[in-house]
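Each chain is listed here by its residues.
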Amino acid sequence: MAAGFNWNQYNGTGTAETSIGTGGNLFNFAANDASGTTGYDTNPITAGKNSMEVYLKADFIGTFNKIDNAQFWRSTDFSPSTGLTLKWLDNGTAVYVQPTTATSSVAGDAIPTSDPGSENVYFGGTASGYITGSGMTSYIVLQLQTTTAAAAGDTSLAEFTFQYDES
Amino acid sequence: MNVNKQIDNFLKIRRQSLLDLEKAVEGLYAIGVRFFTPSPDGVPDISAAQSLLPRYEKTLEDFEWKAIYTDKTELDQYGEKQSHFGDIDMSKLDKIQYISNFEIDTQNPEKRLVVTLNADGSFDFWNCGDQKLKDELSKPVEGKKKFILFRRKRETFTAGVGVNLGKANITPTGEKLTYARYYLGYECGKKKIIVCLYPNGQMAIDNDAKEGQSKKVSD
């Protein structure tokens, strides 16, 4: 196969790495520091508070010459989305900090909601960086911030897109 | 509470949702978006409206490239060994082809789409490309060329959220949507030509698809 990638999520003080898969429902925003989808129901976000920050990396394997020009955006919002604001960090970061539910000092930018048109996730923390063998993107950092207007109850899943160039 | 009214209302929502779902799926298929649902044995179950060839299930590529050298030997992307763009010997390259892993309805014996970039800078299109594209790209271009070949791929995942006692509406499947475009072209001095091959068989010039130089990183 050509290049493919897997999503990793990171937790705790020691950059614990968990492979969470390639597609489908990979994780949920919750109040606790854990990977994947389980446990969010017993650790819901209280309306008016923030989710735990989410640290992700796309982990590439396979046969390729070069991977670059990584782009990330949210294709569809939660529904209902009243009182829910998703923040992230433009271009990602090479530095891991233990996730927190305090208002993120890392994820302070508005998440793109359409194709950004150019690279917005770096490799190795470097603009226009690329990999020529197995390797990962910089950390993609997300935090869901809520207001008391956020409704309790079911929401639809938000859908995210990751795009890259491979030669 | 008028329960019959409630039932009618939900029936209307349900009916409209099914119509919207069908319309959205048809639209995604027409663009060339692929749906993957992993099966228990790990083999992806690929849903597609297009006439994908069995080879697609092996390589998961809408188009595969082939380098043809001046000595008539060839290098296939998925030959005995898998190759990438960096494996192509540019010093003896005669042409690069992208060949589709789907067929179109045509009287031609070759029903796949084939786009050829010749070493002289001219393009040939088989079963694809409109006349304007052919007219614009059929002529040779003099000068040393730097060839461009890459795939732009997008994939999706979902994330839910639980607020207060609420819970995310988790879908039971690991469905993944992918969409890939294939680019072929060259730079020659200040001139740049990049053709984009879409997975629904459409072609277009997209000279802005690749800009600037990138830097290798260790991670």
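Residues numbered from 1 in each chain as written. Chains lettered and ligands numbered in written order. Predicted model: local features only at pLDDT ≥ 70, side-chain atom pairs only at ≥ 80, totals over all residues.

Caption draft 1: Representation of helix α1 (residues 3–31) of chain B within the structure. All names here are of chain B. Look at α1: 42 Å from first C-alpha to last across 29 residues, which is about the 42 Å you get at 1.5 Å a residue. Counting buried residues along α1, only 0 of its 29 residues qualify, which leaves the element largely exposed. Positive backbone phi, at 110°, marks Gly32, one or two positions downstream of α1. (Helix = DSSP H or I, 4+ residues; strand = E, 2+ residues; numbered from the N terminus. Expected span 1.5 Å × (residues − 1). Buried ≥ 20, exposed ≤ 12 C-beta atoms within 10 Å, placed from the backbone.)

Caption draft 2: Molecular detail of unusual backbone geometry. In this model, Ser79(A) is joined to Pro80(A) through a cis peptide bond whose omega is 0°. Looking at where Pro80(A) falls in the secondary structure, it is placed in the loop between β5 (67–76) and β6 (84–88). Phi at Ser128(A) takes a positive value of approximately 60°, unusual for a residue other than glycine. If you trace the backbone, Ser128(A) turns up in the loop between β7 (109–110) and β8 (129–130). The backbone of Leu60(B) shows a phi angle near 55°, a positive value even though the residue is not glycine. Among the structural elements, Leu60(B) can be located in the loop between α2 (54–59) and β3 (63–69). Of the residues examined, Leu60(B) has 17 C-beta atoms within 10 Å and is grouped as partly exposed.

Caption draft 3: How the structure looks around the environment of Ala107(A). All names here are of chain A. Structurally, the position occupied by Ala107 is in the loop between β6 and β7. Note: C-alpha distance between Ala107 and Trp88 (19 residues apart in sequence) is 4.1 Å. Not counting the four nearest positions on each side in its chain, Ala107 is found in contact with Glu53, Lys87, Trp88, Leu89, Val141, Leu142 and Gln143. (Contact = placed C-beta atoms within 7 Å.)

Caption draft 4: Geometry of the pairing of strand β10 (residues 140–146) of chain A. Residue and element names in this part refer to chain A. For β10, a buried count of 6 out of 7 residues is recorded, marking the element as mostly surrounded by other parts of the structure. In this sheet, β10 lies alongside strand β4 (residues 54–61) in antiparallel orientation, the contact comprising 3 bridges. Bridge pairing links Val54 to Leu142 in β10. The pairing of β6 with β10 spans 5 bridges and is antiparallel. In the strand pairing of β10, Leu86 is matched with Leu144. (Pairing = 2+ DSSP bridges.)

Caption draft 5: Structural context of the interface of chain A and chain B. Across the contact, 57 residues belong to chain A and 42 residues belong to chain B. When contributions to the side of chain A that touches chain B are tallied by element, the ones reaching two or more residues are β3 (25–29), β5, β8, β9 (135–136), β10 and β11 (158–166) of chain A. In the side of chain A that touches chain B, the residues fall into 27 nonpolar, 24 polar and 6 charged. As paired elements, β11(A) and strand β8 (residues 146–161) of chain B share 9 bridges and run antiparallel to each other. Within β8(B), the residue paired with Phe162(A) across the bridge is Glu155(B). (Nonpolar A, V, L, I, M, F, W, Y, C, P; charged D, E, K, R; others polar.)

Caption draft 6: Broad picture of the sheet that holds strand β6 (residues 112–118) of chain B. Residue and element names in this part refer to chain B. The strand order across the open sheet built from 5 strands is β4-β3-β5-β6-β7, with neighbouring strands paired in antiparallel fashion. At either end of the open sheet lies a strand with only one pairing partner, and these are β4 (74–76) and β7 (123–126). For this sheet, the mean inter-axis angle between neighbouring strands, taken without regard to orientation, is 15°. In terms of strand pairing, β6 meets β7 through 4 bridges, oriented antiparallel. The residue bridging Val115 from the neighbouring strand is Phe125, located in β7. (Axes fitted to C-alpha atoms, helices over the stretch in contact; angles between N-to-C directions.)

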